[in-house]
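Descriptive structure summary
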Amino acid sequence: MIGVFDSGIGGLSVLSALRAAFPRADLLYYADTARLPYGGRSPALIRRFAREAGERFAALGADYLAVACGTVSALALDEITTAARCPASGVIRPAVDLLARDGRRRVLILSTEATANARAFETELLARTPGAVALSLGCPLFVPLIENGYFSPNDPAVLSLLGRTLSPGQTFFPDAVLLGCTHFRLLAGAIASLFPGIPLYDCGEAAAGAVPAEFGRGDGTLRVLVSDAPERFRRAAIRAGGLPDGVEVEAIQQE
Ligand code: DGL
């Protein structure tokens, strides 16, 4: 079974891509909604959350783990992989592979604050494309905004917040914008309106392609688990268009 992890609804796009690529795969999506958002937490706490999430996937019998969270990929991929006791991949390397393939050299990286501070995308980009230049912008309000259903490119409140947060990125004149948090795909329309003509790369879309085909065999089952407030998650996921029809959202037992 392939496990897919995010703090909230962001990783649902990775789940959809995996269902499309591997219709027979058994899939388990787990969102740590009790502790979302991760992006304003300290590295030590994110590592602890990642270990605990990994242990949960191990207990549930995951054979492969797709880490569909930029923040955990940036700060705690080793921790979650070790705890899950199965092979795993995150979003950093697959996203940078696409940028390198397309020869992008001046990249604006949008992410949570923790990911921006860790400079994980930047480090990987510079290793792959010597001479590349990156500007990382932490966007602390984007995940709460998206989880609460504010992502329309026509919403003046969304555009006003994005305009303030992203103005240093506009004067950087990037040749590519990397959405380095899986939630940000939902803001793609609004972000694109601030960067006309500049290609956007979504780390979640890239990540789905990193899962080896050998793990895509099974009976096509799907479970969706959250650590708190399943009904709230279900509503947010439906608004985001990421919950397959008829799928129940289960809450894990809190001790
Ligand atoms: N989707 C997560 C990411 O890619 C959001 C992290 C958070 O909860 O702040 O970073």
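Structure's up top.
Read on for a plain summary of the structure. (Residues numbered from 1 in each chain as written. Predicted model: local features only at pLDDT ≥ 70, side-chain atom pairs only at ≥ 80, totals over all residues. Heavy atoms only, no water.)

Time to look at the environment of Asp175. Residue placement: Asp175 occurs in the loop between helix H8 (156-170) and strand S7 (176-179). Judged by its relative accessible area of 26%, Asp175 falls in the partly exposed class. Once the C-alpha coordinates of Asp175 and Pro199 are considered, the two residues, 24 residues apart in sequence, prove to be 7.3 Å apart. Ignoring any residue separated from it by four or fewer positions in sequence, one finds Asp175 in contact with Arg104, Arg105, Arg106, Val107, Ile198 and Pro199. Within polar-contact distance, the side chain of Asp175 engages the backbone nitrogen of Arg105 at 3.1 Å. (Helix = DSSP H or I, 4+ residues; strand = E, 2+ residues; numbered from the N terminus. Buried < 20%, exposed > 50% of the residue type's maximum accessible area, 1.4 Å probe, protein only. Contact = heavy atoms within 4.5 Å. Polar contact = N/O pair within 3.5 Å; in protein donor to acceptor, adjacent residues only side chain to side chain.)

Tracing the sequence through the fold places Glu122 in helix H6 (residues 120-128). Every residue in contact with Glu122, bar those within four places of it in the chain, is listed here: Ile109, Ala134 and Ser136.

Right, let's talk about the packing of helix H4 (residues 92-101) against H6 for a bit. For the pair H4 and H6, the least separation of the axes is 9 Å and the interaxial angle reads 45 degrees. As the angle between them shows, H4 and H6 are arranged oblique. H4 and H6 meet at a crossing whose hand is right-handed. Seen from H4, the contacting residues are Ile92, Arg93, Ala95, Val96, Asp97, Leu99 and Ala100; seen from H6, they are Ala120, Phe121, Glu124, Leu125 and Arg128. Each residue belonging to the contact of H4 with H6 can be placed in one class, and the counts come to eight nonpolar, no polar and four charged. (Axes fitted to C-alpha atoms, helices over the stretch in contact; angles between N-to-C directions. Parallel < 35°, antiparallel > 145°, perpendicular 65-115°, else oblique. Left-handed = near helix turned anticlockwise from the far one by under 90°. Nonpolar A, V, L, I, M, F, W, Y, C, P; charged D, E, K, R; others polar.)

Ile2, Val4, Leu18, Leu110, Leu166 and Phe233 are the most contacted members of the largest nonpolar core, which has 51 residues in total. Among residues more than four places away in sequence, those in contact with Ile2 are Leu18, Phe22, Ala25, Asp26, Leu27, Leu28, Tyr64, Val211, Phe215 and Gly216. In this structure, Tyr30, Val67, Phe121 and Ala206 belong to the second largest nonpolar core, which totals 40 residues. (Core = buried A, V, L, I, M, F, W, Y, C linked by side-chain atoms within 4.5 Å.)

Two numbers describe how helix H2 (residues 43-60) lies on helix H3 (residues 70-84): the axes approach to 7 Å, and their chain directions differ by 40 degrees. Taken together, the axes of H2 and H3 are oblique relative to one another. You can see that H2 and H3 cross each other, and the crossing is right-handed. In contact with Pro43, Ile46, Arg47, Ala50, Arg51, Ala53, Gly54, Glu55, Phe57 and Ala58 of H2, H3 contributes Thr71, Val72, Leu75, Ala76, Glu79, Ile80, Ala83 and Ala84. Of the residues assigned to the contact of H2 with H3, the class counts are twelve nonpolar, two polar and four charged.

Looking now at the site of the ligand. What surrounds the ligand is a group of 14 residues, the closest being Ser7, Tyr38, Gly70, Thr71 and His183. The separation between an oxygen atom of the ligand and a polar main-chain atom of Gly70 is 2.6 Å. In the complex, the protein chains occlude 99% of the 300 Å² of accessible area that the ligand would expose alone. For the shell around the ligand, a count of residues per class yields six nonpolar, seven polar and one charged. (Near = heavy atom within 4 Å. Areas by Shrake-Rupley, 256 points an atom, 1.4 Å probe, with all protein chains shown as cover.)

On the secondary structure map, Ser7 appears in the loop between strand S1 (2-6) and helix H1 (12-21). For Ser7, a relative accessible area of 5% translates into the label buried.

Moving on, we get to the pattern of salt bridges. As enumerated under the stated definition, the model contains eleven salt bridges in all. Linking Glu122 and Arg119 is a salt bridge whose minimum nitrogen-to-oxygen distance equals 2.8 Å. Put simply, Asp32, Arg35, Arg48 and Glu52 are held in one network by salt bridges that share partners. (Salt bridge = Lys/Arg side-chain N within 4 Å of Asp/Glu carboxyl O.)

Moving on, we get to the pairing of S7. Both faces of S7 are covered, namely the face carrying Ala176 and Leu178 and the face carrying Val177 and Leu179. Relative to S7, strand S5 (residues 106-111) runs parallel, the two sharing four bridges. The partner of Leu108 across the bridge, within S7, is Val177. Read from S7 through helix H9 (residues 188-194) to strand S8 (residues 200-202), the crossover connection turns out right-handed. (Pairing = 2+ DSSP bridges. Right-handed = clockwise from strand over helix to strand, strands pointing away.)

Next up on the list: the sheet that holds strand S10 (residues 249-251). Reading across from one edge, S4-S3-S1-S2-S9-S10 is the order of the six strands in this open sheet, with parallel pairing throughout. Edge strands, defined here as strands with exactly one partner in the open sheet, are strand S4 (88-89) and S10. One ladder, built from five bridges, connects strand S2 (residues 27-31) with strand S9 (residues 222-226); its direction is parallel. When the bridges of S9 are listed, Tyr29 appears paired with Val224. Against the sheet, H1 contacts S1, S2, strand S3 (64-67) and S9, and its axis sits at roughly 175 degrees relative to S2. Each of S2, S9 and S10 is contacted by helix H11 (residues 230-239), which is oriented at about 150 degrees to S10, the strand it contacts most.

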